[in-house]
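The chain contents come next:
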Amino acid sequence: MLTRRIQGQKGVQGIIIVNSEGIPVKTTLDNSSTVQYAGLIHQLVMKARSTVRDIDPQNDLTFLRVRSKKNEIMIAPDKDYFLIVIQNPSD
Amino acid sequence: MEIVHVYTKDREEFGRQCLLSDRPAELLLDVLPDQNLASNFIQRSHRDQAVQAGRQVSEHQVNTERFESDSCGINHVEGGWPKDINPLDMEQTIRFRKKAEKDESYLNSIPQLGSVAEHCGRQNNAVDIYQEPFDGWEEVEESPEPPSAKTINIFRDPNEVKRTVTGLSWHPDGGRKLAAAYSCLDFQKASRDMSLDSYIWDVENPNRPELTLKPASPLVCLDYNPKDPHTLVGGSYNGQIVYWDTRRGSQPVELSSVEHSHRDPVYKIIWLQSKTGTDAFSASTDGQVLWWDVRRLSEPTERLVLDPTREGNLDRALGAISLEFEATMPTKFMVGTEQGLVVSCNRKAKTPTEKIVCTYDGHHGPVYALQRNPFFPKNFLTVGDWTARIWSEDIKESSIMCTKYQMSYLTDACWSPVRPSVFFTLKMDGMLDVWDILFKQSDPTLSLKVCDRALYSLRVQDNGRLVACGSQQGETTLLEICSELSTLQKNEKSLLAAMFERETKREKILEARQREIRLKERSRSEQSREEEIGREDGEDDPDQLIARAERDFYNQVEAELKRREMREEEALRVSHSCSLISSHFHLRASLSGRCIHCGSPGQVHTKHAGLHLSPTHLSSSDQRMFSNIHQVSFHVL
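So, here is what we can say about the structure in this document. The shown structure was predicted, so the numbers you read here are calculated from the model rather than taken from an experiment.

1. Some thoughts on the overall build of chain A
Stage number 1. Of the regular secondary structure elements, chain A holds 2 helices and 5 strands.
Stage number 2. Ordered by position from N to C terminus, the α and β elements of chain A give α-β-β-α-β-β-β.
Stage number 3. A burial count over chain A gives 46% of its 91 residues as buried.
Stage number 4. In chain A, of all internal contacts separated by at least 6 residues, the share reaching a separation of at least 24 is 36%.
Stage number 5. For chain A, the computed accessible surface area is about 4900 Å², with 51% contributed by carbon and sulfur atoms.

Laid out in structure tokens, this is it:
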């Protein structure tokens, strides 16, 4: 369904859906990477969200992109879940 | 005792207004102090108490315990699973996951999130985010900034008694570790409680050495094996060679036997290029250079005595202070000696006499450092006394380039491994000099004061940017050199090659001239010697000898007489011409003052001049003078 559509895009390496407790609910990557991403990104999102909120309490985090040398991690946060997409740069 | 107050008021007076009046004080009760009660109490001593309105503060220093942090990875374990679900059980987790997917909020939020993510993903695909926009443009030449170097770290000897850092060696793999050898080289200054340890430091952590090496006697030098970065070999103060494997801990794996080792501290030890990668050679001031195979340190594999007369005589051997070995020329090596000579040797020579190829007489004092230029192996750098010199292998008489005499003694030097024209020198006043001979030859390009004490050892890391120098107080300072001095400039190699060529040629010409002059001298002295020999040939006949002696004597006497007459004539002519110019009064006056003896008309004997004149020698003017003199003399007499 939706994950298939996103995964069909060019360069997408994997998709992970994590719930508010940090459990990966749906994933297309292998277990160990999933667990690692879920754990680390959860903390990052919490930190980013609190940062945005501290600066302006009316504000909230809508999207987070982490671009690195090898790929890009895109995180879409929500109240209970967040969606992580790992994409490779287009060459 | 109860004190009771009674207020009375007549009934008829209720409701009447109060009329207050003054009344003097009335003593109701007076309780006198009872002295007996005082015995129940103890009187306290007086105490001075200062009272101040200001806030009281006190100064207190706190040094927190050093927090030792260690980096290590963390293995993330899955968490957050509810209590009833076992995370290792696949079935339960799958079931849980499936249930979560059916959740309403899930179904609501995921499409939203999905669309946002999709949008950004498409964005990425539209624009190449990792594209280099200015790829094709030329690199703009930055304006040259003055050369500089920055201290990154200082590694201090953790022991109480500080020892000198006498040897340094970088880890061959990337240079993240630095091995430092500590010892006290001052004669008999090593105290009993001086620690024997040497350390391997991790460049990132200056607080604590990564590994301690515990030899039996302090190490003077050490070297990492370039082929196997876990092994090290070190030379110690008592002459033994020690071999470590860092995987096996601090204790040496093997020690060479005392009988077969050096008899003096081992000043330098270097690994050799060999198939097995286990060969090393060491040099010491006892005059020997020994080759070792580290698998069997009980005995050296080869021995060379540094005797300049090539006889292998240990008494006449020169003490070695530095060694040089270049991996690109494995059969040759050079030794720097205490006497200031640099000896070039060939390892593969058949007889011991051929081992020593030639010597270069360089310095007035010990040659503390010796290294070939990594780009031009024919030229090498030596440091000793107060100068640093660059030599060419072909010119044996003198160095091709020399720095001027510095203010303090030079202790160590090495070439930069990336720039052929840059070398570093250390001085006893704690200065590190960086010389760039293409830029300036008379002075160092950069001069840094690293510390107040003398610096003893120097090592440049293979990337050319990091330099470690060790001082007398056990501090190893790690410096980063600015990028100009550690990146290869264009044309550098060709310019430097041209410079070396030019200097070599100059020296050759000078040498040739010297030789010519010497030859001429020699031939002249030989000629004179031949004449003497020729004269001494006719010594057989004594009569002839006597006759010859007589002849010589008379010749000499005659020559002397003639010379004297010439001189007299000259003198007279000079004096007469003088008086003629002035007036003959002068002469008369001088003559009248003396006793003049007029003998025969042809002779005037003037005592004061002591001349013996005869008229034949006089010119016409003189004769006239003569007649004047006659008159005068008569007058006086």
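2. Here we look at the interface of chain B and chain A
Stage number 1. At the interface, 31 residues of chain B touch 36 residues of chain A.
Stage number 2. For the pair chain B and chain A, the summed buried surface comes to about 2900 Å²; carbon and sulfur atoms form 58% of the total.
Stage number 3. Where chain B packs against chain A, one counts 1 salt bridge.
Stage number 4. A salt bridge links Arg5(A) to Glu118(B); the nearest nitrogen and oxygen atoms lie 3.0 Å apart.
Stage number 5. Sorting the residues of the side of chain B that touches chain A by element identifies helix H1 (90–101) and helix H2 (104–126) of chain B as the ones contributing at least two each.
Stage number 6. Considering only residue class, the side of chain B that touches chain A consists of 14 nonpolar, 10 polar and 7 charged.

3. Topic: the sheet that holds strand E7 (residues 231–236) of chain B
Residue and element names in this part refer to chain B.
Stage number 1. Ordered in space as E6-E7-E8-E9, the 4 strands form an open sheet in which the pairing is antiparallel. On the outer flanks of this sheet lie strand E6 (219–224) and strand E9 (254–255), each paired with one strand and no other.
Stage number 2. The sheet contact formed by E6 and E7 spans 5 bridges and is antiparallel. By the bridge assignment, Asp223 is partnered in E7 with Val233.

4. Re the sheet that holds strand E10 (residues 266–271) of chain B
Residues and elements named next belong to chain B.
Stage number 1. Sheet architecture is open: 4 strands sit in the order E10-E11-E12-E13, paired in antiparallel fashion. Pairing within the sheet leaves two strands with one partner each, and these edge strands are E10 and strand E13 (302–305). On average, each strand axis in the sheet is inclined to that of its neighbour by 15 degrees, with strand direction left out of account.
Stage number 2. Both E10 and strand E11 (residues 279–284) contribute to a ladder of 5 bridges, which runs antiparallel. Looking across to E11, one finds that Lys268 is bridged to Ala283.

5. Quick word on the pattern of salt bridges
Two side chains carrying opposite charge are able to pair once their charged atoms lie near each other.
Residues and elements named next belong to chain B.
Stage number 1. Scanning all chains against the criterion turns up 28 salt bridges over all chains.
Stage number 2. Residues Arg372 and Glu324 are paired through a salt bridge, measuring 3.2 Å at the closest nitrogen-oxygen approach. Pair noted here: Arg372 is in strand E18 (residues 367–372) and Glu324 is in strand E14 (residues 320–324), with a separation of 48 residues, a long-range link. Take Arg372 and Glu324: they sit in the same class, and that class is buried.

6. Examining the environment of Glu72(A)
Residues and elements named next belong to chain A.
Stage number 1. Structurally, Glu72 is set in strand E4 (residues 72–77).
Stage number 2. Accessibility expressed as a relative area gives 1% for Glu72, which makes it buried.
Stage number 3. Linking Glu72 and Val85, residues 13 residues apart in sequence, is a C-alpha distance of 8.2 Å.
Stage number 4. Side chain to side chain, Glu72 and Arg65 meet in a polar contact 3.2 Å long.
Stage number 5. Of the polar contacts made by the side chain of Glu72, one reaches the side chain of Arg67; its length is 3.3 Å.

7. Details of the packing of aromatic side chains
All names here are of chain B.
Stage number 1. One pass over the full model with this rule turns up 17 aromatic pairs over all chains.
Stage number 2. Centre to centre, the rings of Tyr360 and Trp391 are 5.8 Å apart; their planes meet at 70 degrees, and the pair counts as edge-to-face. A residue pair is termed long-range when its members are at least 10 positions apart, and Tyr360 in strand E17 (residues 356–361) and Trp391 in strand E20 (residues 387–392) qualify at 31 residues. Each member of the pair, Tyr360 together with Trp391, is buried.
Stage number 3. Here Trp386 and Tyr409 contribute two aromatic rings whose centre-to-centre distance is 5.3 Å and whose plane-to-plane angle is 85 degrees, an arrangement assigned as edge-to-face. Linking Trp386 in the loop between strand E19 (379–384) and E20 with Tyr409 in the loop between strand E21 (401–402) and strand E22 (410–415), this pair joins segments that are 23 residues apart in sequence.
Stage number 4. Among the aromatic residues, ring-to-ring pairing joins Phe155, Tyr182, Tyr199 and Trp201 into one connected group.

8. What to know about the nonpolar core
Residues and elements named next belong to chain B.
Stage number 1. Phe424, Leu432, Val450, Leu458, Cys469 and Leu485 are the most contacted members of the largest nonpolar core, which has 20 residues in total.
Stage number 2. If you list the elements that add at least two residues to this core, you get strand E23 (422–427), strand E24 (431–436), strand E25 (446–449), strand E26 (455–460), strand E27 (466–471) and strand E28 (476–481).
Stage number 3. What Leu432 contacts, discounting residues up to four positions off in sequence, is Phe424, Thr425, Leu426, Leu446, Ser447, Leu448, Val450, Leu455, Leu458 and Leu479.

9. Looking at H1(B)
Stage number 1. In this model, H1(B) (12 residues) spans 16 Å end to end at C-alpha, consistent with the 16 Å of a helix rising 1.5 Å per residue.
Stage number 2. Of the positions making up H1(B), those classed as buried are Thr93(B), Phe96(B), Arg97(B) and Ala100(B). Taken end-on, H1(B) shows its buried residues confined to a sector of 100 degrees, consistent with a single buried face. Along H1(B), the residues that are exposed and aim more than 90 degrees away from the buried face are Glu91(B), Arg95(B) and Lys99(B).
Stage number 3. Looking at the buried residues of H1(B), the elements they touch are strand E2 (24–27) and strand E5 (81–87) of chain A together with H2 of chain B.

Conventions adopted
- Residues numbered from 1 in each chain as written.
- Chains lettered and ligands numbered in written order.
- Predicted model: local features only at pLDDT ≥ 70, side-chain atom pairs only at ≥ 80, totals over all residues.
- Heavy atoms only, no water.
- Helix = DSSP H or I, 4+ residues; strand = E, 2+ residues; numbered from the N terminus.
- Buried < 20%, exposed > 50% of the residue type's maximum accessible area, 1.4 Å probe, protein only.
- Contact = heavy atoms within 4.5 Å.
- Areas by Shrake-Rupley, 256 points an atom, 1.4 Å probe, with all protein chains shown as cover.
- Buried area = accessible area lost by both parts, 1.4 Å probe.
- Salt bridge = Lys/Arg side-chain N within 4 Å of Asp/Glu carboxyl O.
- Nonpolar A, V, L, I, M, F, W, Y, C, P; charged D, E, K, R; others polar.
- Pairing = 2+ DSSP bridges.
- Axes fitted to C-alpha atoms, helices over the stretch in contact; angles between N-to-C directions.
- Polar contact = N/O pair within 3.5 Å; in protein donor to acceptor, adjacent residues only side chain to side chain.
- Phe/Tyr/Trp six-rings, centres within 6.5 Å; stacked < 30°, edge-to-face > 60°.
- Core = buried A, V, L, I, M, F, W, Y, C linked by side-chain atoms within 4.5 Å.
- Expected span 1.5 Å × (residues − 1).
- Arc of directions from axis to C-beta.

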